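Observations on chain architecture
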Amino acid sequence: MASASLPLTLGIIGGGQLARMTAIAAAPLGIRVSVLHPSDDCPAAPVSQVFVGKWTERDDLEAWAKTVDVVTLEHEFVAAADLSWLTQQGHSVWPSGATLELIQDKWRQRSHLLQAGLPVPTFRAIESLAGLKSTQREWDGPLVVKTRRLGYDGHGTAIARKPDELESIWQMFCLDGSEAADTLMVEEFIPFERELAVMVARRRNGDCVCYPVTETVQKNYVCDRTITPAPIPQELRQEAEAVAIAAVQAVESVGVVGVELFLTESGDVLVNELAPRPHNSGHYTLNGCVTSQFEQHVRAVLDLPLGSTELLAPSVVMANVLGTRDSDCRGILLAGVLQEPDTYLHWYGKADNRLGRKLGHVNAIADTPELAIERAERARQSLDV
């Protein structure tokens, strides 16, 4: 696409909440959205066209891609080879299959970032229980064990704090207790001071903008809330932003990328993982920044000028709304969250409530992080999910 002009249809692989919020952001620009999803009752359905099909089937991918101008994604579950194949068929696909291939495999991603000179935790590929035990003896400390593919929100991650935990962790990631379903990656446990994230947007010509550094607060490996700007010195914010931009440039991604970082107790900034799409840690931008991460993603993949990432308030807090029980989502009361000042609900439209399921999030803005946290927490608790 040499120059973007209306009418345009943006295609998104996946019809979950990220696609939903991207479609909402695209609408004011006059851009239509079509999602490829296995069912027509996905969260994106009320605000986009749904093409029912499987992203694991090339026939479905090709039939759908013919109906859109640009293909992007809301998750990393599509095969990188299939994205490259779509490009070979003449479709505009961003991020590219080559980028996704680098990012999908955590060991390959980490190796590529290390070769590019980025600071990362010490890591190693593991192919046997003996190798896992040997690494624990060599490093003499807790280990973080990860599946190399498809892990998210704590799935595919385990921490071995003692040697006697290694065997049970190995079996958890194995087909039959003896052979790994895939090779694993192990990394040193980082006694970090804070977990940080930076959303970076990159156009095809290499132009980049980044959002303010946010602190991500995790519970059970899942993001509970974010605090923006992160409560760290300005020089560390600048370092985190520079590292994040360099990481995105290293993988040549196009679109918005979530860059997860560790701030160590000694003041070092390390890259943890990349997500080549809008990310949970960037949800605060919907009410906290001039241009949301979702509009920015639309701009970037369509090769349009990138928008301002300036904050609209001194402090912005995002609080995830997670299910606490198995039920449907009818009857949830909205009055409490809507009466909270400078607080905004983003509901994902999922029909079923499950323990730990992301149902929505709340953004709160204020003059101080403490007040923003109070507002977001009161609003979240009022939903009683």
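Our subject in this report is the structure included herewith.

Conventions used here
Residues numbered from 1 in each chain as written. Predicted model: local features only at pLDDT ≥ 70, side-chain atom pairs only at ≥ 80, totals over all residues. Heavy atoms only, no water. Phe/Tyr/Trp six-rings, centres within 6.5 Å; stacked < 30°, edge-to-face > 60°. Helix = DSSP H or I, 4+ residues; strand = E, 2+ residues; numbered from the N terminus. Buried < 20%, exposed > 50% of the residue type's maximum accessible area, 1.4 Å probe, protein only. 1 Å grid on protein atoms, 1.4 Å probe; cavity = no way out; pocket = protein on both sides within 12 Å on 5 of 7 lines; lining within 4 Å. Points joined across faces, edges and corners; volume = space filled by probe spheres on them. Nonpolar A, V, L, I, M, F, W, Y, C, P; charged D, E, K, R; others polar. Core = buried A, V, L, I, M, F, W, Y, C linked by side-chain atoms within 4.5 Å. Contact = heavy atoms within 4.5 Å. Pairing = 2+ DSSP bridges. Axes fitted to C-alpha atoms, helices over the stretch in contact; angles between N-to-C directions.

What follows concerns the packing of aromatic side chains. What the rule picks out here adds up to one aromatic pair. Residues F192 and F262 carry aromatic rings whose centres are separated by 5.3 Å and whose planes lie at 10 degrees to one another, so their mutual orientation is stacked. With a gap of 70 residues between them, F192 in strand 9 (residues 192–202) and F262 in strand 13 (residues 255–264) connect regions that are remote in the sequence. Among the residues examined, F262 registers a relative accessible area of 6% and is labelled buried.

A volume near 380 Å³ is recorded for the second largest pocket. Every residue lining the second largest pocket is counted, 18 residues in all, and those nearest its centre are D224, N320, L322, G323 and T324. Elements with a contribution of two residues or more to the lining of the second largest pocket: strand 12 (222–228), strand 15 (315–322) and helix 12 (369–383). By residue class, the composition of the lining of the second largest pocket is six nonpolar, six polar and six charged.

The amide bond that connects W94 to the next residue, P95, takes the cis arrangement and shows omega of 0 degrees. Topologically, P95 is positioned in the loop between helix 3 (80–88) and helix 4 (97–104). In the segment running from T228 into P229, the intervening peptide bond is cis, with an omega of -5 degrees. Of note, D342 is a non-glycine position whose phi angle comes to about 50 degrees, a positive value. By the secondary structure assignment, D342 is in the loop between helix 11 (335–338) and strand 17 (343–347). Judged by its relative accessible area of 38%, D342 is partly exposed. Notably, D384 is not glycine yet its phi reads approximately 50 degrees, a positive angle. Mapped onto the fold, D384 is located in the segment after helix 12.

Bringing the nonpolar core into the picture now. Of all hydrophobic cores here, the largest spans 28 residues; its most connected members are L113, V198, V259, L261, V271 and L274. Taken together, the elements giving at least two residues each to this core come down to helix 4, strand 9, helix 8 (234–251), strand 13 and strand 14 (269–275). For this core, the element with the most residues is helix 8, which contributes seven residues. The contacts of L113, once residues within four sequence positions are left out, are L118, V120, A247, A250, V251, V271 and L274. Grouped together as the second largest cluster of nonpolar side chains are 16 residues, W64, A80, L86 and V93 included.

In a beta sheet, neighbouring strands pair by backbone hydrogen bonds and run either parallel or antiparallel. With respect to topology, four strands assemble into an open sheet ordered 5-8-6-7, the strand pairing being antiparallel. A strand with exactly one partner marks an edge of an open sheet, and here the two such strands are strand 5 (123–126) and strand 7 (157–160). Averaged over all adjacent pairs, the angle separating strand axes in this sheet is 25 degrees, with direction ignored. Both strand 6 (residues 143–147) and strand 7 contribute to a ladder of four bridges, which runs antiparallel. When the sheet's bridge partners are listed, K146 is paired in strand 7 with T157. Against the sheet, helix 5 (residues 106–115) touches strand 5, strand 6 and strand 8 (184–188), its axis set at about 145 degrees to strand 5. Helix 6 (residues 129–139) rests against strand 5, strand 6 and strand 8 of the sheet, and its axis sits at about 160 degrees to strand 5.

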